[in-house]
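Residue-level listing of the chains:
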Amino acid sequence: QVHVVESGGGLVQPGRSLSLSCAASGSIGSINGMGWYRQAPGKQRELVALINSGGWADYADSVKGRFTASRDNAKNTVYLQMNSLKPEDTAVYYCKVDGTSAWGTAFGVWGQGTQVTVSS
């Protein structure tokens, strides 16, 4: 079984920065994509950033130039550095990890989410 846990959310003023982290653990054989998603009240969940095993990341247009995703493959951990935060970035942020288990089966596991609130 694979577990995914996010951390680092909180309340921050507009223009400030916040960093999230997401760690995967359990019976992991290999990890492919690691992604950050967010869901604001009344809206659908949307992709924020997706980073592959080689460290190449793609971003939603709304966060390009402000957010940076990175990963530590040795720790099965992905990070999201969020700069110049705006009130519209307020949402629950989720991490999703896709990979192959130690037994060779594919998995895609979501974390429980962490709240990010941008407000003065």
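Above: the structure in question.
These numbers come from a predicted model, not from an experiment.

### Side note on the pattern of salt bridges
Side-chain pairing between opposite charges can occur once the charged atoms of the two side chains come close.
Reasoning step 1: Applying the stated criterion to the full structure yields five salt bridges.
Reasoning step 2: Across the pair D89 and R38 runs a salt bridge whose closest N-O atoms are separated by 2.9 Å. With D89 in the loop between strand 8 (77-82) and strand 9 (91-101) and R38 in strand 4 (residues 28-39), this pair connects stretches of sequence that are 51 residues apart. A single burial state applies to D89 and to R38, both of which are buried.
Reasoning step 3: The network of salt bridges with shared partners includes R38, E46, R66 and D89.

### Let's talk about the nonpolar core
Reasoning step 1: Grouped together as the largest cluster of nonpolar side chains are 32 residues, with contacts concentrated most on W36, V48, F67, L80, M82, Y93 and V97.
Reasoning step 2: Among all residues touching F67, those that are not within four sequence positions of it are R38, V48, Y59, L80, Q81, M82, N83, L85, D89 and Y93.

### A few points about the state of the cysteines
Reasoning step 1: Applying the stated criterion across every chain, the model contains one disulfide.
Reasoning step 2: With its sulfur 2.0 Å from that of its partner, C22 forms a disulfide with C95. Taking the torsion about the S-S bond as the criterion, the C22 to C95 disulfide, at about -75°, is left-handed. A residue pair is termed long-range when its members are at least 10 positions apart, and C22 in strand 3 (residues 18-26) and C95 in strand 9 qualify at 73 residues.
Reasoning step 3: Here C22 falls in the buried class, since its relative accessible area comes to 1%.

### Here we look at the packing of aromatic side chains
Reasoning step 1: Scanning the model with the defined rule gives two aromatic pairs in all.
Reasoning step 2: Both rings, one in Y94 and one in W110, keep their centres 6.4 Å apart while their planes meet at 85°; by these two values the pair is edge-to-face. With Y94 in strand 9 and W110 in strand 10 (residues 106-110), the pair connects residues that are 16 residues apart, well separated along the chain.
Reasoning step 3: The class of W110 is partly exposed, set by a relative accessible area of 34%.
Reasoning step 4: One aromatic cluster is present, formed by Y37, Y94 and W110 through successive ring pairs.
Reasoning step 5: The ring of Y94 has R45 sitting right over it, with the charged end atom 3.7 Å from the ring centre.
Reasoning step 6: Of note, R45 hangs over the ring of W110, and the distance from its end group to the ring centre comes to 4.5 Å.

### Re the environment of N73
Reasoning step 1: Residue placement: N73 occurs in the loop between strand 7 (67-72) and strand 8.
Reasoning step 2: Taking the C-alpha atoms as reference points, N73 and Y94, 21 residues apart in sequence, are found 19 Å from one another.

### Describing the side chain of T114
Reasoning step 1: Turning to its location among the elements, T114 is positioned in strand 11 (residues 114-118).
Reasoning step 2: Relative accessible area serves as the criterion here: at 11%, T114 is assigned to the buried category.
Reasoning step 3: Residues within four places of T114 in sequence aside, it is in contact with E6, G8, G9, L20, A91, V92 and Y93.

Procedures and definitions
- Residues numbered from 1 in each chain as written.
- Predicted model: local features only at pLDDT ≥ 70, side-chain atom pairs only at ≥ 80, totals over all residues.
- Heavy atoms only, no water.
- Salt bridge = Lys/Arg side-chain N within 4 Å of Asp/Glu carboxyl O.
- Helix = DSSP H or I, 4+ residues; strand = E, 2+ residues; numbered from the N terminus.
- Buried < 20%, exposed > 50% of the residue type's maximum accessible area, 1.4 Å probe, protein only.
- Core = buried A, V, L, I, M, F, W, Y, C linked by side-chain atoms within 4.5 Å.
- Contact = heavy atoms within 4.5 Å.
- Disulfide = S-S within 2.5 Å.
- Phe/Tyr/Trp six-rings, centres within 6.5 Å; stacked < 30°, edge-to-face > 60°.
- Lys NZ or Arg CZ within 6 Å of the ring centre and 35° of its normal.

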